[in-house]
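# Structure at a glance
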There are 2 protein chains.
Amino acid sequence: MLPDEMSSVPHVVILGAGFGGLTAAQSLRDAPVRVTVVDRRNHHLFQPLLYQVAMAGLSPAEIAMPIRSVLRKQRNATVLLADVTAVELESKRLQLRDGVLDYDYLIYAPGTQNSYFGHNEWERYAPGLKSIEDAVEIRRRVLLAFERAERAIDEDERRRLLTFVVIGGGPTGVELAGAIAELSRTVLAREFRRIDPSRTRVILVEAGARILPSFDDDLALRAVDQLSEIGVDVRVGARVTTIDEAGVVVEQQGETDRIESRTVVWGAGVAPTPLARTLGVPLDRGGRVLVEPDLSLPGHPEVFAIGDATSFLHTEGKKPLPGVSPVAMQQARCVARNIDHTFHRRPRETFEYFDKGTMATIGRSRAIAQTGSLRLTGFTAWLAWLVVHIFYLIGFRNRIAVLANWAYAYFAYRRGARLITDHWEPPEVREQMPPSVRAKPPSYASPR
Amino acid sequence: MLPDEMSSVPHVVILGAGFGGLTAAQSLRDAPVRVTVVDRRNHHLFQPLLYQVAMAGLSPAEIAMPIRSVLRKQRNATVLLADVTAVELESKRLQLRDGVLDYDYLIYAPGTQNSYFGHNEWERYAPGLKSIEDAVEIRRRVLLAFERAERAIDEDERRRLLTFVVIGGGPTGVELAGAIAELSRTVLAREFRRIDPSRTRVILVEAGARILPSFDDDLALRAVDQLSEIGVDVRVGARVTTIDEAGVVVEQQGETDRIESRTVVWGAGVAPTPLARTLGVPLDRGGRVLVEPDLSLPGHPEVFAIGDATSFLHTEGKKPLPGVSPVAMQQARCVARNIDHTFHRRPRETFEYFDKGTMATIGRSRAIAQTGSLRLTGFTAWLAWLVVHIFYLIGFRNRIAVLANWAYAYFAYRRGARLITDHWEPPEVREQMPPSVRAKPPSYASPR
């Protein structure tokens, strides 16, 4: 399509370049539309491997691709780096922080953000894992805890520094806990002189009755076994009541227990972004947008909503769909078809989810997977996990680089991305930064 | 050596794990000493390739190795992550921000930091290139300028956004300017729809009479030619008098000229860290520590100082040595030998620098190099540069990964590390951050 033909065709704006948004853009490749993908970030993030960045196994660039680069050959697509502050359904317009963007069709796919269930004050002590920045911060905290433990003279302080608490027993929490245990027992164990990183305690705290609720009971039990093998202490039915710089307080069977720890990671929950409230349409209790069977918004056939920011209840038993990438991607393709049906004045189709199964990895060479009636555990499940994740990694270069890094980490028991980096600040901010912001370092003495 | 034998042997503390410090540690591998390497960072940085991180060609982890990992097999070495605030020569003790560290021998190798010649207010507008954080910030600014130019509606603003000023005509400035020009002309040119990145202006500003003063005249002229070929505008004899958010003011042949630009990078100077002033020994005009022929401090035979934080004037013509890594590494080996001579009550040797030559790269497949009477330019020089830099990259894995990334970037005209990332902030800081801190974004409108 030539640029001057462009303004005469419908303008499809896609809000968010996650798995849903990017798939939607690609599915509209040959449609007689012009597509604008708008995102706050310049990169698409391969979320399933984000915990590997937090654990120094991969570099950020290996799991993130510039959106522009992914769509560079799609001539009907434009990428816009912008922060959307509101959706105005009546005027068919997005308010940006620094401008506006009009649409004929909107595909709403903003995803979710970390949610602390009303305890936003916990965030500074327990960062979540949603962005590259989160992952780099968690990596910084975990590596710094080992460095500080190496210098600690007080045994209690050393114990606090070598105790890691992961909150939330979903796949993210399980993967993080397993990876911390492994990082300390294999990679770091040989490099410290004064501490024994194999004495690290990793505690996985889950409020529900068991971890990995999206898996079958027996598989979840196998996951608990595998976690125990690598030294992760799994506590179920443990509700977090406090998080502060000294650790976590949990309530378990009526008893209150303080876990002293300097490093807490949050994997317990995500929630839709506040943007949903600007839509003015019905939301479910969790703040998700309720969509019609064709994935459009009620009363707005020109607006579709997909991914984990939405709630699709038109299934058997009205069970909500899980917030995973296959749902978002299948919804994206369905929306592209429904836009095409609209152009051809055909009736729209109802979205149907085809569940290909689910998997979670537990450190090096351990995992669980279920698909249809097939159940896998241990090394076989881990190999399946590896193949699926490498296969779906966006961008050929990244696949090769990630495989090379994994092979290196696997065979050499080392990890390349173990950087503790801070962030660049202009001098004024450096001076203004209140000293209380970061957890106070305990006092150390000369190692002499 | 067993741990309990350790306390009876002399304690050598190495301050700084740059090229000098790390080489010193490795050279003391078989010496009857225990070595403690203390650094503010957990990683050794391969500085010569830092500009590649700033230009999205490499990931931070590819040019940085955890110090612990480099020294993991050296049983007499310990690594300490700590911030040294003062050196107390009389009590043979380092003051740390959170403790103290006593030594028998000290190898002082702290390196340099960005220097704005008394204009520290320029730093926020023109970050330098000394650390991973600096490189990631420059990458963020350069990539963001292109993203904003894509959205700009005002032609003047678009021109400001596509004008990049690099200050300083040394190797760092030349490499940065060449790399920005190339990034825009090859990699980005195919991915933007509304701007033509090949219309980017890159201006290299040098106050002296010519760029690359450490090279022969004719080679420096060839560098200017090669820079022009890829579109870099070289301005010599241009003294910077102002840097602000709208650009740079230069004074050239008595005339004042304002260059309007949203992205300015500082490559004009470095200076020793303020730590030198705590030593209480004579410094040169630039703040560098003056050392004896054996690299020790005057009156302190147990303290050696090496690298670009020092000034060694015991050469023919008393010409100071350049602040490059071969000097630091050769000095490190000389210090290790002099410590050994001391143990054996032999006289110490005088340091002699063997100049292997110098090289600078100018974008993809262009460079200059000189060694002895040999002069190389163009592709041959670039190949030589590639081989030398890959060869000296610390850590086998990194060599492979860097080569793979370069091959990819070279043949596919793409770059993998094009991430615009911000940094993680606890919620309180996010709210406290004064809005004036970052340059105000100009206003944009809908691309419709």
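About the criteria used
Note that residues are indexed from 1 along each chain, following the sequence as it is written. As a convention, the first chain written is A and the first ligand written is 1, with the rest following in written order. Predicted model: local features are reported for residues with pLDDT of at least 70 only, side-chain atom pairs are reported and counted for 80 or more only, and whole-chain, interface and lining totals are derived from all residues. To get the side-chain values, take all heavy atoms of the structure and skip hydrogens and water. Only DSSP runs of H or I with at least four residues qualify as helices, and only runs of E with at least two residues qualify as strands; both kinds are numbered from the N terminus onward. For the exposure calls, accessible area comes from a 1.4 Å probe over protein chains only, and a residue counts as buried if that area is under 20% of its type's maximum, exposed if over 50%, partly exposed in between. Contact criterion: two residues are considered in contact whenever any of their non-hydrogen atoms come within 4.5 Å of each other. We define a salt bridge as a contact between a side-chain nitrogen of Lys or Arg and a carboxyl oxygen of Asp or Glu at a distance within 4 Å. The predictor attaches a confidence to each residue, called pLDDT, with possible values from 0 through 100. Pairing of aromatic side chains here covers Phe, Tyr and the six-membered ring of Trp, requires ring centres within 6.5 Å, and sorts the geometry by plane angle: under 30 degrees stacked, over 60 edge-to-face, intermediate tilted. Nonpolar side chains (Val, Leu, Ile, Met, Phe, Trp, Tyr) within 5 Å and like charges within 9 Å form the patches, drawn only from residues with over 30% relative accessible area and no salt bridge. Here, Shrake-Rupley sampling with a 1.4 Å probe gives the accessible areas, and only protein chains in the shown set may cover a residue. Following DSSP output, two strands are said to pair if at least two bridges run between them. Simply put, an axis is a line fit to the C-alpha atoms, just over the touching stretch for a helix, and the angle between two N-to-C directions goes from 0 to 180 degrees.

As a further point, take unusual backbone geometry. Leaving glycine aside, a negative phi is the common case for residues, and trans is the common case for peptide bonds. Positioned with a positive phi, Arg345(A) is a non-glycine residue whose angle comes to about 55 degrees. For Arg345(A), the position within the fold is in the loop between helix H9 (325-343) and strand S23 (358-361). You can call Arg345(A) exposed: its relative accessible area is 79%. With phi around 65 degrees, Ala56(B) is a residue other than glycine that occupies positive phi space. In this fold, Ala56(B) is placed in the loop between helix H3 (50-54) and strand S4 (64-66).

Of all 9 residues that make up helix H2 (residues 19-27) of chain A, 7 are buried, and the element is covered over most of its length. Structurally, H2(A) contributes buried residues whose contacts are with strand S1 (11-15), strand S2 (34-39), strand S3 (43-45), helix H4 (67-70), strand S9 (105-108) and H9 of chain A.

All names here are of chain A. In this structure the tally under the stated criterion is 48 salt bridges over all chains. For Arg160, the salt bridge is made with Glu157, and the minimal N-O distance between the two is 2.9 Å. Residue Arg160 and its partner Glu157 are located together in helix H6 (residues 155-161), separated by 3 residues, close to a single helical turn. Judged by its relative accessible area of 17%, Arg160 is buried. Several salt bridges share partner residues, and in doing so they unite Glu157, Arg160, Glu260 and Arg262 into one network.

Moving on, we come to the confidence of the model for chain A. All names here are of chain A. Counting all residues, the mean pLDDT for chain A is 88, and 90% of those residues have values of 70 or more. Here residues 1-5 is a poorly scored stretch, pLDDT under 50, and it has 5 contacts once near neighbours within four places are set aside; other chains count. The low-confidence segment residues 432-448 (pLDDT under 50) makes 43 contacts with residues lying over four places distant or belonging to another chain. With a pTM of 0.89, the predicted complex shows an ipTM of 0.85.

Turning next to the environment of Gln331(B). All names here are of chain B. Relative to the assigned elements, Gln331 resides in helix H9 (residues 325-343). A relative accessible area of 1% places Gln331 in the buried class. C-alpha separation for the pair Gln331 and Tyr353, spaced 22 residues apart in sequence, amounts to 8.0 Å. Setting aside its immediate chain neighbours within four residues, Gln331 contacts Leu295, Ile306, Gly307, Thr310, Phe312, Leu321 and Phe351.

Turning our attention to the packing of aromatic side chains. Residues and elements named next belong to chain A. Scanning all chains against the criterion turns up 18 aromatic pairs over all chains. Aromatic side chains Tyr105 and Phe343 sit 5.9 Å apart centroid to centroid with 85 degrees between the ring planes, which places their arrangement in the edge-to-face category. Pair noted here: Tyr105 is in strand S9 and Phe343 is in helix H9, with a separation of 238 residues, a long-range link. For Tyr105, a relative accessible area of 13% gives the class buried. Within the aromatic cluster, the residues linked to one another by ring pairs are Tyr116, Phe117, Trp122 and Trp266.

With that settled, consider a nonpolar patch on the surface. A surface patch of nonpolar side chains, amounting to about 300 Å² of accessible area, comprises Val388(A), Phe391(A) and Tyr392(A). The class of Phe391(A) is exposed, set by a relative accessible area of 57%.

A word on the sheet that holds S2(A). Whenever strands of a sheet pair, they do so through backbone hydrogen bonds, lying parallel or antiparallel. Residues and elements named next belong to chain A. Pairing is mixed in the open sheet, where 6 strands are placed in the order S5-S2-S1-S9-S21-S20. Where the open sheet ends on each side, the last strands, each with one partner, are strand S5 (77-81) and strand S20 (296-297). Both S1 and S2 contribute to a ladder of 5 bridges, which runs parallel. In the strand pairing of S2, His11 is matched with Arg34. Packing against the sheet, H9 makes contact with S1, S9 and strand S21 (300-305), and its axis sits at approximately 165 degrees to S9.

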